[in-house]
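# Observations on the three-dimensional arrangement
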Amino acid sequence: MDDFLNTLYIEYIIPHVENRETLKCISEFYQDLPQPHKDQCGHLLRKYAVRAFLLGVRTGVRLGD
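Residue positions are given per chain, counting from 1 as you read along its sequence in written order. Reporting in this predicted model follows two pLDDT cut-offs: at least 70 for local features of residues, and 80 or more for side-chain atom pairs to be given and counted; totals over whole chains, interfaces and linings ignore these cut-offs and use all residues. Calculation of side-chain values draws on the structure's entire complement of heavy atoms; hydrogens and water are dropped beforehand.

This paragraph deals with the packing of helix α1 (residues 2–17) against helix α3 (residues 35–63). The geometry of α1 relative to α3 is characterised by a closest axis approach of 10 Å and an angle of 85° between their N-to-C directions. Taken together, the axes of α1 and α3 lie roughly perpendicular to each other. Along its contact with α1, which presents Leu-5, Asn-6, Leu-8, Tyr-9, Tyr-12 and Ile-13, the element α3 presents Leu-45, Arg-46, Ala-49, Val-50, Arg-51, Phe-53 and Leu-54. When its residues are assigned to classes, the contact of α1 with α3 shows ten nonpolar, one polar and two charged. For helices, the fitted axis covers only the stretch in contact; all axes are lines through C-alpha atoms, and the angles between them, taken along N-to-C directions, range from 0 to 180 degrees. Under the scheme used here, helices are H or I runs from DSSP no shorter than 4 residues and strands are E runs no shorter than 2 residues, and both carry numbers assigned from the N terminus. Any angle between 65 and 115 degrees counts as roughly perpendicular, while under 35 counts as roughly parallel, over 145 as roughly antiparallel, and the rest as oblique. Residues are treated as being in contact if the distance between any of their heavy atoms lies within 4.5 Å. Side-chain classes follow a simple rule in which Ala, Val, Leu, Ile, Met, Phe, Trp, Tyr, Cys and Pro form the nonpolar group, Asp, Glu, Lys and Arg form the charged group, and the remainder, Gly included, forms the polar group.

Okay, structure coming up:
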């Protein structure tokens, strides 16, 4: 399941999240963080983005019933 979620994150979520406006805001934020905090922020972003996507899929399926 983790392989599927990683693929989903890389192939579907990242292209929709990484637009110019978002990247500009995030790059300003990341510049001031020490490396361990940058790594943890990246891990949290991946986790919450995948979970939010799956929640949207589940909600959409239930709305269709």
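It is worth spelling out the nonpolar core at this point. We call a set of buried residues a nonpolar core when its members are Ala, Val, Leu, Ile, Met, Phe, Trp, Tyr or Cys and they connect through side-chain atoms within 4.5 Å of each other. Think of it in three bands: residues with accessible area under 20% of the maximum for their type are buried, residues over 50% are exposed, and the middle band is partly exposed, with areas taken using a 1.4 Å probe on protein chains only. Of all hydrophobic cores here, the largest spans seven residues; its members are Leu-5, Leu-8, Tyr-9, Ile-13, Ala-49, Val-50 and Leu-54. Listing elements by their share of this core, those giving two or more residues are α1 and α3. The element contributing the most residues to this core is α1, with four residues. Apart from the residues within four sequence positions on either side, Tyr-9 is in contact with Ile-14, Leu-45, Arg-46, Ala-49 and Val-50.

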